[in-house]
Structures are given as C-alpha cells and as structure tokens.
Protein chains: 2
Amino acid sequence: MHFLVTNDDGVDAPGLLALAQEIRKLGRVTVVAPDKNWSASGHVKTMNRPLRVKEVILEDGTKAFASDGAPSDCVALSMLGLLGEKIDCVVSGINPNANLGHDVTYSGTVTAAMEGTISNIPSIAISLDAPEFHTGPLDYLAAAQVARVVVEKVGKNKMPGNVLLNVNVPYLPFNEIKGFRITRQGLRVYRDELVRREDPRGRPYYWIGGDAPTGVPEEGTDIGALNGGFVSITPISLDLTAYDCLEQFQSWNIGK
Amino acid sequence: MHFLVTNDDGVDAPGLLALAQEIRKLGRVTVVAPDKNWSASGHVKTMNRPLRVKEVILEDGTKAFASDGAPSDCVALSMLGLLGEKIDCVVSGINPNANLGHDVTYSGTVTAAMEGTISNIPSIAISLDAPEFHTGPLDYLAAAQVARVVVEKVGKNKMPGNVLLNVNVPYLPFNEIKGFRITRQGLRVYRDELVRREDPRGRPYYWIGGDAPTGVPEEGTDIGALNGGFVSITPISLDLTAYDCLEQFQSWNIGK
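Parameters and conventions
Residues numbered from 1 in each chain as written. Chains lettered and ligands numbered in written order. Predicted model: local features only at pLDDT ≥ 70, side-chain atom pairs only at ≥ 80, totals over all residues. Heavy atoms only, no water. Axes fitted to C-alpha atoms, helices over the stretch in contact; angles between N-to-C directions. Helix = DSSP H or I, 4+ residues; strand = E, 2+ residues; numbered from the N terminus. Parallel < 35°, antiparallel > 145°, perpendicular 65-115°, else oblique. Left-handed = near helix turned anticlockwise from the far one by under 90°. Contact = heavy atoms within 4.5 Å. Nonpolar A, V, L, I, M, F, W, Y, C, P; charged D, E, K, R; others polar. Least-squares fit on C-alpha atoms with pLDDT ≥ 70 in both. Buried < 20%, exposed > 50% of the residue type's maximum accessible area, 1.4 Å probe, protein only. Pairing = 2+ DSSP bridges. Polar contact = N/O pair within 3.5 Å; in protein donor to acceptor, adjacent residues only side chain to side chain. Patch = residues over 30% accessible without salt bridge, like charges linked within 9 Å, V, L, I, M, F, W, Y side chains within 5 Å. Areas by Shrake-Rupley, 256 points an atom, 1.4 Å probe, with all protein chains shown as cover. Salt bridge = Lys/Arg side-chain N within 4 Å of Asp/Glu carboxyl O. Buried area = accessible area lost by both parts, 1.4 Å probe. Phe/Tyr/Trp six-rings, centres within 6.5 Å; stacked < 30°, edge-to-face > 60°.

1. Observations regarding the packing of helix α2 (residues 71-79) of chain A against helix α4 (residues 108-118) of chain A
Residues and elements named next belong to chain A. Running from N to C, α2 and α4 point in directions that differ by 20°, and their axes come no closer than 7 Å. In terms of orientation, α2 lies roughly parallel with respect to α4. In this structure, α2 crosses over α4, and the sense of that crossing is right-handed. Within the contact between the two elements, α2 uses Pro71, Ser72, Val75, Ala76 and Met79 and α4 uses Gly108, Thr111, Ala112, Glu115 and Gly116. In terms of residue class, the contact of α2 with α4 is made up of five nonpolar, four polar and one charged.

2. Here's the deal with the relation of the copies chain A and chain B
Least-squares fitting of chain A to chain B yields an RMSD of 0.0 Å, with the transformation described by 0.0 Å of translation along the axis and a rotation of 180°. Between the two chains, the operation in question is that of a two-fold axis. Taking C-alpha positions as the reference, the residue of chain A nearest the rotation axis is Gly42(A), at 2.1 Å. Interface overlap between copies: 100% of the residues of chain A at the interface are likewise at the interface in chain B, consistent with a symmetric, same-surface contact.

3. Remarks on the pairing of strand β11 (residues 231-237) of chain B
Residue and element names in this part refer to chain B. Within β11, seven of the seven residues are buried, leaving the element largely enclosed by the surrounding structure. Alignment of strand β7 (residues 163-170) against β11, held across six bridges, turns out to be antiparallel. Each bridged residue has a counterpart across the sheet, and for Asn168 the counterpart in β11 is Ser232. Two strands pair when backbone bridges link them, and strand β8 (residues 180-182) and β11 are joined in this way by three bridges, in the parallel orientation. Each residue of the ladder has a partner; that of Arg181, found in β11, is Ser232.

4. Section: the sheet that holds strand β3 (residues 53-57) of chain B
Residues and elements named next belong to chain B. Spatial strand order, β3-β4-β2-β1-β5-β6-β7-β11-β8: nine strands in an open sheet with mixed pairing. Two strands in the sheet have a free side with no partner beyond their single neighbour: β3 and β8. The sheet shows a mean angle of 25° between the axes of neighbouring strands, direction not considered.

5. A short note on the sheet that holds strand β6 (residues 123-129) of chain A
Residues and elements named next belong to chain A. Pairing in this open sheet of nine strands is mixed, and the strands run β3-β4-β2-β1-β5-β6-β7-β11-β8 from one edge to the other. This sheet does not close on itself; its edge strands, each paired only once, are β3 (53-57) and β8 (179-182). Neighbour to neighbour, the strand axes of the sheet diverge by 25° on average, direction disregarded.

6. Some thoughts on unusual backbone geometry
Here the bond from Gly93(A) into Ile94(A) is cis, since omega is -10°, no more than 30 degrees from zero. Tracing the chain through its elements places Ile94(A) in strand β5 (residues 89-95). Positive phi, close to 55°, is recorded for Ala40(B), a residue that is not glycine. Classification of Ala40(B) by relative accessible area gives buried; the value is 16%.

7. Looking at the packing of helix α1 (residues 14-23) of chain A against helix α5 (residues 141-156) of chain A
Residues and elements named next belong to chain A. Between α1 and α5, the shortest axis-to-axis distance is 9 Å and the interhelical angle comes to 40°. It follows from the interaxial angle that α1 and α5 lie oblique. Taken as a pair, α1 and α5 cross one another with a handedness that is right-handed. Across the interface between the two elements, Ala18, Leu19, Glu22 and Ile23 of α1 pack against Leu141, Ala144, Gln145, Ala147, Arg148 and Val151 of α5.

8. Some words on the pairing of β3(B)
Summarising the sheet, β3(B) and strand β4 (residues 63-67) of chain B pair through five bridges and their orientation is antiparallel. Note on β4(B): the bridge partner recorded for Ile57(B) is Lys63(B).

9. What to know about the side chain of Thr46(B)
Checked against the element boundaries, Thr46(B) lands in the loop between β2 (28-34) and β3. For Thr46(B), the side chain forms a polar contact with the side chain of Asp73(B), separated by 2.5 Å. Residue contacts for Thr46(B): discarding those within four places in its chain leaves Ile208(A), Leu51(B) and Asp73(B).

10. Quick word on helix α2 (residues 71-79) of chain B
Two residues of an α-helix separated by three or four positions point the same way, owing to the 3.6 residues in each turn. Of all nine residues that make up α2(B), eight are buried, and the element is covered over most of its length. With its phi angle positive at about 115°, Gly81(B) sits one or two positions after the end of α2(B).

11. So, a nonpolar patch on the surface
All names here are of chain A. A surface patch of nonpolar side chains, about 220 Å² in accessible area, is lined by Leu187, Val189 and Val216. Structurally, Val189 is set in strand β9 (residues 187-198). On the basis of relative accessibility, which here comes to 34%, the residue Val189 falls in the partly exposed class.

12. Topic: the pattern of salt bridges
Evaluation of the coordinates by the stated rule reveals 24 salt bridges over all chains. Residues joined by salt bridges that share partners form a network here, namely Glu22(A), Lys25(A) and Arg148(A).

13. Describing the interface of chain A and chain B
Counting residues at the interface gives 79 residues for chain A and 79 residues for chain B. Interface area, chain A with chain B, both sides summed: about 7,100 Å², of which 66% is carbon and sulfur. Counting every contact that joins chain A to chain B gives four salt bridges. Residue Arg52(A) is joined to Asp199(B) by a salt bridge in which the shortest nitrogen-to-oxygen separation is 2.8 Å. Here chain A is connected to chain B by 34 residue pairs in polar contact (both at pLDDT 80 or more). Looking at the side of chain A that touches chain B residue by residue, the class counts come to 44 nonpolar, 21 polar and 14 charged.

14. A few points about the packing of aromatic side chains
Applying the stated criterion across every chain yields a total of four aromatic pairs over all chains. When the centroid spacing of 6.1 Å and the interplanar angle of 75° are considered together, the rings of Tyr106(A) and Tyr190(A) count as edge-to-face. Taken together, the positions of Tyr106(A) in helix α3 (residues 103-106) and Tyr190(A) in strand β9 put the pair 84 residues apart, joining distant regions of the chain. The class of Tyr106(A) is buried, set by a relative accessible area of 5%. Here the aromatic rings of Phe249(B) and Trp252(B) are separated by 4.8 Å at their centres, their planes lie at 65°, and the arrangement is edge-to-face. Side by side, Phe249(B) and Trp252(B) carry an identical accessibility label, which is buried.

Right, here's the structure in full:
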C-alpha cells in the first residue's frame, strides 16, 4: 500500500509527523503537504498560478514534499502524477482541532480528503479534539494510533464511492478512549463576532473574532461521540443533493 | 426584503452587476463582493488576518462594498453586522461557468451561499453555463431573470433549514429556455492534467492544466437538465453525512 499523507497546518506540523510515522507501519508513505498553514481554507483548486514543490526533510529525517498550494492542491498534484506512481489511500491530518458539523465544509484537512475521494481513492481526515486552552506541545500519539486502526479497516473493506471518512479523536490516551462510533454530522454553534478596529491612519479593518465554536452534543452525532470520550467516524458524502427536499421544491412550481 | 448580493469573480464582474440590477426589482440590494477573483477558492473563513472593506461604485453608479476576503468572508462580514442591518436573503453570482457535480465543493459562488445557509438565511447560487470557447462579453440577462424568478419563489415559500439552492442556467435567451428542473448533483468528469515546466533558472513548476470538465448528462441531474436546455435547481444540503452508508460502516466493527 502506498499512502499519501497530507494536512492543512503545513509540512512542519507535529500532527503530520506523528501521522506519517504511524501510517508507515502499514506501508509506504509519501508526505506532500503545504509549506504554510491553510486552516479554514476550503476546497481549493489552484489553476490561475503555477505551483512549486520542493523536497524537505522532516524532523525524523525522512523526506517529504512541500508545495505552495492548498492541501487539496497537494492531493491533486499527487493524483495527477507528481510522484510518478499510484496512490492507494489519502490520509489527511492530524489537525489539532476537531472538525465537526459544518466545519467539514471549511476544513482544509477534510477538503484534502475530498480531493482524494473525487479521484476515487479511499480518503480519511483525522482531527484531534485538543482542549481549547491547551498550552505546550500536544500529544498526537493516540490520534495517530486511531488513524492506523481506521486505515487498516479501510484496507480490509471496500470504501463506498463518493464517500470519505471524517475521524475525530478525543484528547485522551489511547487506552482511555471509550471506543469508536459511526456518527452523523452534528450541529456546530459558531460564536464568531465582528471586531472593528482602526489602523494608525484611522482606516477601519475587521477581524472575524469571537469564541471558538461549541456544539450540540446530541446522541449519534460527531459532537456527541467526542463528548462521551469516543472516537467519531463520520462518513461524508460528496453528493450534497438534499434528497429529502426534492419533492418539497417540486411543489414550489418554479418557473415555466 | 434586503438582499445581499455577492460573487466569487470580484466586484467588477458583469455577472454581479446584472444580478444586482435584476434583484433590485424585488427589494433593497446591498452588494458586498471580493476585490479580486476567487474562483475555485472553496469555503473560506479568514481568521488569521484582518479584512479590509472599501466602498466602490459599480458601473451603473450604485454603491457597493469590496473586501479583500473570500466570497464566504464577504457573507460572514455582512452576517456579523458589517452593514448594521439584517439580511433576508443571500444571492451569489452570476458565475460565468456552470457549477455542477463536485464543482459545488470548490465553487466560491456556492460556498458564499453556504455561508448564508449556515447563518440560517435563505441562500442561492447562480451560474451561467456559458459556452467553453465564447469570446466577447457574455449576456447575463436571462440568467439574471432566472435568478429573480427563483428568488421570488424563495420569498413566497419556506426554505428548509441547512439547504441552499444551486441554480445553473443554460446560455439561451430567456424565452428559449425550456423550463426549470429540480435536480440532483450529477457526475462531473474532470480532465485535469499536470503540466510540468521549468523556470529560466531550471527549477520546475507545475500547472494544474488540462481541458475544462465535462459531465455525464444523466436524466434528473444538473448536467442532464442543462444539456436539455432547462434551468437546473439543485437543493444542496450542508449535512454531508452519507446516511445510506452508516450501516455498512457499522458492520466494519472498527476499533474497540
């Protein structure tokens, strides 16, 4: 198995290194990751400028590729032949913060996996639900081990088409994690606030600020699972059609 | 009704002007759009830098706001109080190219509407299926009229929560459009190719090139509708859970 490991925090991120090291136990790993942080960058396809790729050495001495493109560009480049060989599985992460509810539409971690899915390659996004006010380096070991467990299962089963797995891991040692739950997308509660400031020349500028999002910890959801100390595995479909609303909109009799 | 009109091609784009002028027939319009082109930019939330907003004058002499943020940032800023008043409906477009199949995950036009939907505001994305090799200015009138028809219906009915409308319009005069179809997301066929070049100093760079995507014109899909000369209206859900795969993944017995 040849794994493509990427992330949205950049090639120097400790979560990427922990993930690459653990997935290497299952097969060959190539790391292609952005050369800078792309958090909340969405699903990007960079076509209006060329992309650079350079070889870099990770902290453990292994080789990796850093690109000035977005996470999804890193996956697209690799799928289109940058590496000169086939990819069997895309693993994206480990993001230091959970990607829950509507986060999946913004998340660079998840949209990197989307790009793999669109190319019909089994793809997994992994995020750690680190505590909001954590200081010092995070421990990614348990999340990396969870990633390995999930990726092993993906290798043994047939991934349905058009679907990726969005995995969120509670911030606990592996043996304290309660278990794994297949979940649905829950409801994030965003607490963004507009912060207006003036620059030294009196011209306004705006921050999207406010507190970190919370969520409704409903049973059966990603947020509920994490809240109970479980790993959340949400199958995410790239067919976004709201099938249960088709009839309702038919009844609107729009247009001629 | 107070409409927020935005796009991903930038505040100077003719599709934006045509849309704003037509929606103005239904109520008050405020234009907040990016100051540059953000095509295929995905769903962005800019939090690591402040955003600027400046007042500009559109070609028809009306006032608008241009921001250095992404399309979804323009919507977020407006939702969070930039304008000092409530928005009743977000209309994003008119994109000169169709947003079909998996395009919806990349599209700045669609992700602007996503941002409205996440704030529980009825939101619509409008794209024109302009011919691939069209030269000269595009005629956005029919697409603008279609937008008005759809927006009027949205005003008279209750939009389901967590859903936006992705509208694609064939490049035909309004009276030659065959009708309106409620559709599901079809299958795009991407034909991206990696183009490797060397700069004058012999260092490689890469373009994501290749031909424009095509699609499978299946009956009932967005691509099928456009192909038959119909307007395609696809309800897009922001709950991406692959509900029909939940049982399948349960049966994998992942982890403990």
